[in-house]
Amino acid sequence: MTLKTDWTAVRKRIENALHPTKLHTARRFAQPEDDDREWVILYRTAAGFCCLYKSLPVEFEDMLDAQMWAEEMDVRPYFMGL
């Protein structure tokens, strides 16, 4: 018994996996989203996390607090030193 492989189907599957911009359903991946929110750099300290927001220090006990604060303030967090 021999196994016959349809190489055309295999090639098309690989092409679709590696080139999602050709698919009409993946158009949103081809163009970057417009996100004009302000970046805030959060860094790890000995007692938790800290950042400067509008020239004022903001301290957090853990990463979850920092993430919730970033959502409430509508900023994009960038974690350094993790």
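Help me out: how do you make sense of the packing of aromatic side chains in this one?
To describe a pair of aromatic rings, you give the distance between the ring centres and the angle between the ring planes. What the rule picks out here adds up to 4 aromatic pairs. Between F49 and F79, the ring centres sit 6.2 Å apart and the planes meet at 80°, which makes this aromatic pair edge-to-face. With F49 in strand 2 (residues 48–53) and F79 in strand 4 (residues 76–80), the pair connects residues that are 30 residues apart, well separated along the chain. Ring centres of Y53 and W69 lie 5.2 Å apart, and the angle between their planes is 90°; this geometry places the pair in the edge-to-face category. One end of the pair, Y53, is in strand 2; the other, W69, is in helix 3 (residues 63–73), with 16 residues separating them in the sequence. For the pair formed by Y53 and W69, the shared burial category is buried. Taken together, the ring pairs connect Y53, F60 and W69 into an aromatic cluster.

About the criteria used
- Residues numbered from 1 in each chain as written.
- Predicted model: local features only at pLDDT ≥ 70, side-chain atom pairs only at ≥ 80, totals over all residues.
- Heavy atoms only, no water.
- Phe/Tyr/Trp six-rings, centres within 6.5 Å; stacked < 30°, edge-to-face > 60°.
- Helix = DSSP H or I, 4+ residues; strand = E, 2+ residues; numbered from the N terminus.
- Buried < 20%, exposed > 50% of the residue type's maximum accessible area, 1.4 Å probe, protein only.

That's the geometry; what it means functionally is another story.
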